[in-house]
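Residue-level structure breakdown
Each chain, written out:
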Amino acid sequence: MIYKDENRQQFHLKNDYISYIFRVLENGHLGHLYFGPSLRHQKNFEHFQDLNNPVGYSTHTFSDNLAFSLETILQEYPLYGKGDYREPAIIVEDQNGKSISGFIFDYAEIQEGKPQLEGLPATYADSGQAETLVIHLYDSETDVKILLMYSIFERLPVITRSVQVINKGNQEVSLKRLFSCSVDLPDADYDMLHLSGAWARERHIKERPLVQGIQSIGSMRGSSSHQHNPFLVLKRKETTEHQGTAVGIQFVYSGNFLGQVEVDHYENTRIQMGIHPSQFTWGLKPGESFQAPEAIVTFSKKGLNGLSTSLHDLHRKHLIAEKWKGIERPILINNWEATYFDFNEEKLLNIVDQAKALGVELFVLDDGWFGKRNDDTSSLGDWFVNQTKLPKGIGDLADSVKKKGLAFGLWFEPEMVNPDSDLYRNHPEWVIGYPEQQLTFGRNQLVLDFSNPEVVDHIYKQMKKIIEETKLDYIKWDMNRNITEAASLSLENQGEFFHRYILGVYRLYERLLQEFPEVLFESCAGGGGRFDAGMMYYAPQAWTSDDTDSVDRLKIQYGTSLAFPLYSIGSHVSAVPNHQTWRETSLVHRGNVAYFGTFGYELDPESLTEQEKKEVREQINFYKEYRTLIRDGDFLRLLSPFRHNEVAWMVCAKDRSEALVGWYKTLSTPNPKNNQVLRLAGLKSEGRYYVSEYNRSYFGDELMYRGLPLPIEFNGVNEHMAERRGDYQSLVVHMKEIDES
Ligand code: DGJ
């Protein structure tokens, strides 16, 4: 998969889908040549670069060569200060404040498989599944070395990248910026697409045309954030869900990040992704090294659905823990919206009894089971049972739940502390910020200093005890505020704080998973405030949003699916009126939206009528029947809620033998047209599919090009025929290929 030409110093990473080509330039820097659909290998790719054409008003590396200007040459890992005036990928500062830019090519090596990144989440692959090219760059002035790592996956249009910096010298240097990847493209005819929003409206799709200058997304909140997801796409104007080309970059990291796209004065485009350089300074003493997190770089020539399918497959096969790959995720019920803080054992066991009768598999006890917590003003940090609410103890409750036939899960918010807690009273020095500072509150809580291993260890011990006592099956790991006063009493260099904090979070995950590999983790940060590929490595599912309204969820889940597979998208049916929007939607609509994710309930079954309980039982049976398809199939988006009043998507089995289609219409239309259809995708043209809900079959080509007929809509005069009416209509149908003979 990797061609390394020692003489010409050219590198071609290639599989059936993509090619990525670069070379060593005459000045020892790396010049980028190509990233796109797979090209046949050639001995020489130098002609991809025009290095004979003199450039006006620019600076030149060689006095006798006006054509060799770093201002115009596409760079592979751009450096500061030698004539490339665009954004550099790395800034290393020596003790005099001089930023080093003398890194030149030293040598390259190829490794089978893919190395793991110590202390960091990353995709993994066996030898045979991936190959890695390691490029060694060296700066002789400071004796600092950079390792650029490129892994290409055999069966995916994906290259992962990361960077390591090693101080070989005898002087300390400071890393001021270290992007995990930088990709130069030779034009700017793209729209930039990203997933942005806020609490309760996460990952809405935003699109904008590229213009000269820098356009960026990022987070300085200590978590990847509700506001911007560490993922961006450059798509051609004509690219749709189904066709056209697109480049995607996803960061495998959960802390501060910056994703930026720079268009220069020659309309070259530079995409960069990495740890946010603001508030980042990492000291490298002699002999020390720094490992940057991984970035995933992908290319699609099959539209945005193609891009998503590659990322979903990558996450499913090479990111989430082996254990969760072929396993059904349990259908859960969570008591948060059912009880909030107001519960006791009797109330909880009543929910458990009812949920069991409905077919639920896992009961999750959310916030409020520990310390003296009756509202959000106390007890974070005190991970021992709330005796007033659960006098028989948490182990006893867990036992009772398990005896009733459900698995048991608990909510934790490990990174937080309330001033009203034993932990804070004993260790006020364990919070983030200097003691003499006025600290900023969020939800009445402060953030624990996870850059300090002692703090992480203390929380680990408390959690371990509870996990053992309850024989816990599942943990919802929440994080309900962002970081302020970012500094640690345990650190010499506060510029390291943010990254060390997130390393502490990863360390706790790692330790818990090593000790309790059976526990299923669901990550959460006030809903979807830390929904990123870094978290996915430890917690294969995430609570997508605190907004459980099924109409809003169409946008949130549609956007999220761009970068993440369905089985990482926590989606629950909740009560109406909805607690976030006060909207009333039918149980059918709520179920039809929630099926496309990791399914569950967020309500008190006691409040359901007998008819509703029957519907819920049916929903659960339905999900159980199709959850393998939902887990393993290709998710194809058909109609976008960001463009239409109708939304549609489908999951198609990899072998195209069956599919589950979801269609939703938000507001009803007066006097709508007759003969409404939904055009599907991904099926076999010649296949014949039986649609159980319609009790008839259709050909694949018919369903894709003519469309699946939609039930007749109320139009003011057709009362006797109308099968759907009013706002928030929806339909989910399953189709299976049948033998024609
Ligand atoms: C925020 C989460 O997103 C909710 O689901 C719930 O767990 C609350 N925190 C509890 O405080």
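Notes on the structure in this doc start here.

Reading guide: rules and limits
Residues numbered from 1 in each chain as written. Predicted model: local features only at pLDDT ≥ 70, side-chain atom pairs only at ≥ 80, totals over all residues. Heavy atoms only, no water. Helix = DSSP H or I, 4+ residues; strand = E, 2+ residues; numbered from the N terminus. Rg over C-alpha atoms; globule rule 2.2 N^0.38 Å. Buried < 20%, exposed > 50% of the residue type's maximum accessible area, 1.4 Å probe, protein only. Contact = heavy atoms within 4.5 Å. Polar contact = N/O pair within 3.5 Å; in protein donor to acceptor, adjacent residues only side chain to side chain. Near = heavy atom within 4 Å. Areas by Shrake-Rupley, 256 points an atom, 1.4 Å probe, with all protein chains shown as cover. Nonpolar A, V, L, I, M, F, W, Y, C, P; charged D, E, K, R; others polar. Pairing = 2+ DSSP bridges. Axes fitted to C-alpha atoms, helices over the stretch in contact; angles between N-to-C directions. Phe/Tyr/Trp six-rings, centres within 6.5 Å; stacked < 30°, edge-to-face > 60°. Lys NZ or Arg CZ within 6 Å of the ring centre and 35° of its normal. Salt bridge = Lys/Arg side-chain N within 4 Å of Asp/Glu carboxyl O. Parallel < 35°, antiparallel > 145°, perpendicular 65-115°, else oblique. Left-handed = near helix turned anticlockwise from the far one by under 90°. Expected span 1.5 Å × (residues − 1). Bend = angle between axes of the 7 residues up to and from the residue. Core = buried A, V, L, I, M, F, W, Y, C linked by side-chain atoms within 4.5 Å.

A count of helices and strands for the protein chain gives 12 helices and 39 strands. For the protein chain, whose C-alpha radius of gyration is 27 Å, the value lies close to the compact-globule estimate of 27 Å for 741 residues. Considering the protein chain as a whole, with its 741 residues, one finds that 62% of them fall into the buried category. Within the protein chain, contacts between residues at least 6 apart in sequence are counted, and of these 69% link residues at least 24 apart.

Turning to the environment of Asp367, a few remarks are in order. Note that Asp367 resides in the loop between strand E23 (362-365) and helix H4 (394-403). Between the C-alpha atoms of Asp367 and Ile630, which are 263 residues apart in sequence, the distance is 29 Å. If we skip the residues at most four places from it in the chain, Asp367 touches Trp336, Tyr340, Phe341, Phe343, Arg373, Trp411 and Arg443. Within the local environment of Asp367, its side chain forms a polar contact with the side chain of Arg373, the two groups lying 2.7 Å apart.

This part takes up the site of the ligand. Neighbouring the ligand are 13 residues, the closest being Asp366, Asp367, Lys476, Asp478 and Asp546. One nitrogen or oxygen atom from the side chain of Asp478 is found 2.7 Å from a nitrogen atom belonging to the ligand. Between an oxygen atom of the ligand and a side-chain N or O atom of Trp543, the distance comes to 3.4 Å. Burial of the ligand by the surrounding chains reaches 97%, relative to a free accessible area of 290 Å². Looking at side-chain class alone, the shell around the ligand contains 4 nonpolar, 3 polar and 6 charged residues.

What follows covers the sheet that holds strand E2 (residues 10-14). Pairing is antiparallel in the open sheet, where 4 strands are placed in the order E1-E2-E3-E4. Looking at which strands have only one partner, the edges of the open sheet turn out to be strand E1 (2-5) and strand E4 (30-37). With strand direction ignored, the average angle separating the axes of adjacent strands in the sheet is 10°.

With that settled, consider the packing of aromatic side chains. On inspection of all chains with the given rule, the structure shows 46 aromatic pairs. An angle of 45° between the planes, with centres 4.4 Å apart, marks the rings of Phe370 and Trp383 as tilted. Here Phe370, found in the loop between E23 and H4, pairs with Trp383, found in the loop between E23 and H4; they are 13 residues apart in sequence, far enough to count as distant. As far as the burial class goes, Phe370 and Trp383 line up, both buried. Each residue in the set Phe11, Tyr20, Phe22, Phe35, Phe105, Tyr150 and Phe299 is aromatic and connected to the rest through ring pairs, giving one cluster. The lysine or arginine in question, Arg236, covers the ring of Tyr190, its NZ or CZ lying 4.0 Å from the ring centre.

A few words on the sheet that holds strand E27 (residues 474-477). Here we have 8 strands rolled up into a closed barrel, ordered E22-E23-E24-E27-E28-E29-E30-E31, and parallel in their pairing. Averaged over all neighbouring strand pairs, the angle between strand axes comes to 30°, with direction disregarded. Bridge count between strand E28 (residues 520-523) and strand E29 (residues 541-543): 2 bridges; the pairing is parallel. Directly across from Glu522, in E29, lies its bridge partner Gln541. The strands that helix H3 (residues 345-358) touches are strand E22 (332-334) and E23; relative to E23, the one it contacts most, it runs at about 155°. Contacts between helix H6 (residues 453-470) and the sheet are confined to strand E24 (407-412) and E27, with E24 contributing the most and set at about 160° to the helix.

The amide bond that connects Val576 to the next residue, Pro577, takes the cis arrangement and shows omega of -5°. Notably, Glu485 is not glycine yet its phi reads approximately 45°, a positive angle. Its location among the elements puts Glu485 in the loop between E27 and helix H7 (497-515). Within the chain, Tyr728 stands out as a residue other than glycine whose phi angle is a positive 60°. When its relative accessible area of 18% is taken as the criterion, Tyr728 is described as buried.

Tallied over the full model, the rule gives 53 salt bridges. Close ionic contact of Arg236 with Asp187 constitutes a salt bridge, the shortest N to O distance being 2.6 Å. Pair noted here: Arg236 is in strand E15 (residues 228-236) and Asp187 is in the loop between strand E11 (173-185) and strand E12 (190-198), with a separation of 49 residues, a long-range link. Residue Asp187 is classed as partly exposed on the basis of its relative accessible area, which comes to 24%.

At a closest axis distance of 8 Å, the pairing of H4 and H6 adopts a crossing angle of 40°. When the axis of H4 is compared with that of H6, the two are oblique. The hand of the H4/H6 crossing is right-handed. Within the contact between the two elements, H4 uses Ile394, Gly395, Ala398 and Lys402 and H6 uses Ile466, Glu469 and Thr470. Looking at side-chain class alone, the contact of H4 with H6 contains 3 nonpolar, 2 polar and 2 charged residues.

Moving on: helix H11 (residues 610-632). For H11, built from 23 residues, the straight-helix expectation of 33 Å at 1.5 Å per residue is met to within 8% by its first-to-last C-alpha distance of 34 Å. The principal kink in H11, of about 55°, is found at Tyr626. When H11 is considered as a whole, its buried residues turn out to be Lys613, Val616, Gln619, Ile620, Phe622, Tyr623, Tyr626, Arg627, Leu629, Ile630 and Arg631.

As a further point, take the side chain of Gln272. Among the secondary structure elements, Gln272 is positioned in strand E18 (residues 269-275). Since its relative accessible area comes to 1%, Gln272 is described here as buried. For Gln272, the side chain forms a polar contact with the main-chain oxygen of Glu87, separated by 3.0 Å. A polar contact is formed between the side chain of Gln272 and the side chain of Ser182, at a distance of 3.2 Å.

In this structure, Ile135, Leu365 and Trp369 are the most contacted members of the largest nonpolar core, which totals 197 residues. Looking at this core element by element, the count peaks at 11 residues for H7. Non-local contacts of Trp369, meaning those with residues more than four positions away in its chain, are made with Phe343, Trp383, Phe384, Val385, Asn386, Leu390, Ile394, Leu410, Trp411, Phe412 and Ile466.

The side chains of a regular strand alternate, first on one face of the sheet and then on the other. The buried fraction of strand E34 (residues 658-665) is high, at 8 of 8 residues. Burial along E34 is two-sided: Glu658, Leu660, Gly662 and Tyr664 facing one way and Ala659, Val661, Trp663 and Lys665 facing the other are all buried. As paired strands, strand E33 (residues 646-652) and E34 are joined by 7 bridges and run antiparallel to one another. Following the sheet pairing, Met650 is matched in E34 by Val661.

A few words on the environment of Gln9. Structurally, Gln9 is set in the loop between E1 and E2. Residues Gln9 and Tyr506 lie 497 residues apart in sequence; the distance between their C-alpha atoms is 38 Å. Filtering out sequence-adjacent residues up to four positions away, Gln9 remains in contact with Phe22, Arg23, Val24 and Phe105.

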